[in-house]
Amino acid sequence: MSNYGLKDLTKTTVKEFLLFIPNLLKLLYRLVNDKSVTILDRTLLLATAAYVISPWDFLPDMIPFLGQLDDLVLLALVFKRLTDSVSSEVLYSYWDGKPDLLYLLEDIVRLGLQFLPPGIYQRLVKHSEQPYRADLEYGSE
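This structure is a prediction, so every number in the text was calculated from the model and none was measured.

Parameters and conventions
- The residue numbering used here restarts from 1 in each chain and proceeds along that chain's sequence as written.
- Owing to the predicted nature of the model, reporting of local features is limited to residues with pLDDT of at least 70; listing and counting of side-chain atom pairs is limited to 80 or more, with chain, interface and lining totals taken over all residues.
- To get the side-chain values, take all heavy atoms of the structure and skip hydrogens and water.
- Only DSSP runs of H or I covering at least 4 residues are called helices, and only runs of E covering at least 2 are called strands; the numbering of each starts at the N terminus.
- Relative accessibility thresholds used throughout: buried, under 20% of the residue-type maximum; exposed, over 50%; partly exposed, between the two (1.4 Å probe, protein chains only).
- Every residue pair with non-hydrogen atoms within 4.5 Å of one another is taken to be in contact.
- For the purposes of this section, nonpolar cores are sets of buried Ala, Val, Leu, Ile, Met, Phe, Trp, Tyr and Cys residues that join through side-chain atoms within 4.5 Å.
- Multiplying one less than the number of residues by 1.5 Å gives the expected span of a helix.
- The arc in question is the one traced by the directions running from the helix axis out to the C-beta atoms.
- Grouping into patches uses exposed residues only, defined as over 30% relative accessible area, and leaves out salt-bridged ones; the cut-off is 9 Å for like charges and 5 Å for nonpolar side chains (Val, Leu, Ile, Met, Phe, Trp, Tyr).
- All accessibility values rest on the Shrake-Rupley procedure with a 1.4 Å probe; residue burial counts only the protein chains present in the view.
- Any carboxyl oxygen of Asp or Glu within 4 Å of a side-chain nitrogen of Lys or Arg constitutes a salt bridge here.
- Between 30 and 60 degrees the pair is tilted, below 30 it is stacked and above 60 it is edge-to-face, where a pair is any two Phe, Tyr or Trp rings, Trp via its six-membered ring, whose centres lie within 6.5 Å.

## Side note on the overall build of the protein
Argument step 1. Of regular secondary structure, the protein possesses six helices and zero strands.
Argument step 2. Taking all 141 residues of the protein together, 35% fall into the buried category.
Argument step 3. Restricting to contacts in the protein with at least 6 residues of sequence separation, those with at least 24 account for 66%.

Quick look at the structure:
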């Protein structure tokens, strides 16, 4: 690969990285405004956002690693529930970034949820999935 091609690739990667959070926020905003998303899912997202930005936490943020872990797990659960409540076509039509980044985000969230007790996953996430979407990765062994 030439230096020019490498610079182009680097510029594109940095641009996608910088736009990831704004694209994610736009995706969540569009999903919240989608008619197919239930009021419960909208409420869960708004309550999670309030919890994450509030100074009161189940595990205080001053505790290294664990303080941020409860926020991340809650965000992952709500994100998975919200994205599972709509079809893949709707989800990707609302995403402004490269599809690979959304695939990667979904894979990361799915991997992180593997560490949750199955009862929590079943009650909070699995319940929201559409009938045609199977979650073969979780508990398939």
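## Quick look at the nonpolar core
Argument step 1. Counting 22 residues, the largest nonpolar core has Leu-24, Leu-27, Leu-31, Phe-79, Leu-102 and Leu-105 as its most contacted members.
Argument step 2. Elements represented by at least two residues in this core include exactly helix H1 (3-32), helix H3 (66-84), helix H4 (88-94) and helix H5 (99-113).
Argument step 3. Examining the composition of this core, we find that six residues originate from one element, H1, more than from any other.
Argument step 4. The residues contacting Leu-31, other than those within four sequence positions of it, are Val-37, Leu-82, Thr-83, Val-86, Leu-91 and Tyr-94.

## Some details on helix H2 (residues 39-53)
Argument step 1. Between the first and last C-alpha of H2 there are 21 Å, a value that for 15 residues agrees with the 21 Å anticipated at 1.5 Å per step.
Argument step 2. Among the residues making up H2, those that are buried are Asp-41, Leu-45 and Thr-48. Buried residues of H2, seen end-on, are gathered within an arc of 65° and therefore sit on one face of the element. Seen from the open side of H2, the exposed residues pointing more than 90 degrees away from its buried face are Ile-39, Leu-46 and Ile-53.

## Looking at a nonpolar patch on the surface
Argument step 1. The grouping of Ile-63, Phe-65, Leu-66 and Leu-69 at the surface amounts to a nonpolar patch, some 350 Å² of accessible area in total.
Argument step 2. Examined against the element boundaries, Ile-63 turns out to sit in the loop between H2 and H3.
Argument step 3. A relative accessible area of 34% places Ile-63 in the partly exposed class.

## Topic: the packing of aromatic side chains
Argument step 1. One pass over the structure, following the stated rule, counts two aromatic pairs.
Argument step 2. Summarising the aromatic geometry, the rings of Phe-20 and Trp-95 are spaced 5.9 Å apart at their centres and angled 65° between planes, so their arrangement reads as edge-to-face. Highlighted residues: Phe-20 in helix H1 and Trp-95 in the loop between H4 and H5, separated in sequence by 75 residues. Take Phe-20 and Trp-95: they sit in the same class, and that class is buried.
Argument step 3. Judged by centre distance (5.1 Å) and plane angle (50°), the rings of Tyr-92 and Tyr-103 are tilted. With Tyr-92 in helix H4 and Tyr-103 in helix H5, this pair connects stretches of sequence that are eleven residues apart.
Argument step 4. The exposure class of Tyr-103 is partly exposed, given its relative accessible area of 43%.

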